[in-house]
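Observations on the model geometry
Listed below are the residues making up each chain.
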Amino acid sequence: MNNLSTEDKDRIIEMAWEDRTPFEAIDFQFGMRETEVIKLMRNTLKLSSFKLWRKRVNTGTSIKHLKKRNADITRFKCSRQRSISNNKISKR
């Protein structure tokens, strides 16, 4: 986690806030497991923001875990993701 650039950390936080981006996508792109993402969020966000994020991740509306997703969804990137800069998987 310490060897990540500021841009990578910002992108991970952005992906973590997105409801449709599962933790598996963050792991695939940055090699950070869910527990590491939680540590990054805890150390970076204000306490109130972190609590709000954790509450949101653990609700039924979030699909941050692939197990909670509809089986019909076979991809983890948004169709608009190509326009996001600094995204290593958008060129595939």
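Residues numbered from 1 in each chain as written. Predicted model: local features only at pLDDT ≥ 70, side-chain atom pairs only at ≥ 80, totals over all residues. Heavy atoms only, no water.

Topic: the overall build of the protein chain
Looking only at helices and strands, one finds four helices and zero strands in the protein chain. The helix and strand sequence of the protein chain, counted from the amino end, reads α-α-α-α. Taken over 92 residues, the protein chain has a buried fraction of 34%. Across the protein chain, contacts joining residues at least 24 apart in sequence account for 56% of those joining residues at least 6 apart. Surface exposure of the protein chain reaches about 6300 Å², of which carbon and sulfur atoms provide 50%. (Helix = DSSP H or I, 4+ residues; strand = E, 2+ residues; numbered from the N terminus. Buried < 20%, exposed > 50% of the residue type's maximum accessible area, 1.4 Å probe, protein only. Contact = heavy atoms within 4.5 Å. Areas by Shrake-Rupley, 256 points an atom, 1.4 Å probe, with all protein chains shown as cover.)

Details of the confidence of the model for the protein chain
The share of residues in the protein chain with pLDDT of 70 or more is 62%, and the mean pLDDT across the chain is 78. Mean pLDDT across the elements of the protein chain ranges from a minimum in helix α2 (residues 23-30), with 90, to a maximum in helix α3 (residues 34-44), with 94. (pLDDT = per-residue confidence, 0-100.)

With respect to the packing of aromatic side chains
Tallied over the entire structure, the rule returns two aromatic pairs. With 6.3 Å between their ring centres and 90° between their planes, F23 and W53 make a pair best called edge-to-face. A residue pair is termed long-range when its members are at least 10 positions apart, and F23 in helix α2 and W53 in helix α4 (residues 47-57) qualify at 30 residues. Taken together through their ring pairs, the aromatic side chains of F23, F50 and W53 make up a single cluster. (Phe/Tyr/Trp six-rings, centres within 6.5 Å; stacked < 30°, edge-to-face > 60°.)

Section: the pattern of salt bridges
Throughout the structure, instances matching the rule amount to three salt bridges. Its salt-bridge partner being R11, residue E14 comes within 3.5 Å of it at the nearest N-O pair. Of this pair, E14 and R11 both sit in helix α1 (residues 6-17), three residues apart, roughly one helical turn. Judged by its relative accessible area of 39%, E14 falls in the partly exposed class. Among the ionic pairs, R11 bridges to E18, the shortest N-O distance being 3.7 Å. Among the charged side chains, a salt-bridge network with shared partners connects R11, E14 and E18. (Salt bridge = Lys/Arg side-chain N within 4 Å of Asp/Glu carboxyl O.)

A look at the packing of α3 against α4
Where α3 contacts α4, the two axes come as close as 9 Å, and the packing angle between them is 150°. With respect to their mutual orientation, α3 and α4 come out roughly antiparallel. Residues E34, V37, I38, M41 and R42 of α3 form the contact with α4, whose own contacting residues are F50, W53 and R54. Here the contact of α3 with α4 is composed, by residue class, of five nonpolar, no polar and three charged. (Axes fitted to C-alpha atoms, helices over the stretch in contact; angles between N-to-C directions. Parallel < 35°, antiparallel > 145°, perpendicular 65-115°, else oblique. Nonpolar A, V, L, I, M, F, W, Y, C, P; charged D, E, K, R; others polar.)

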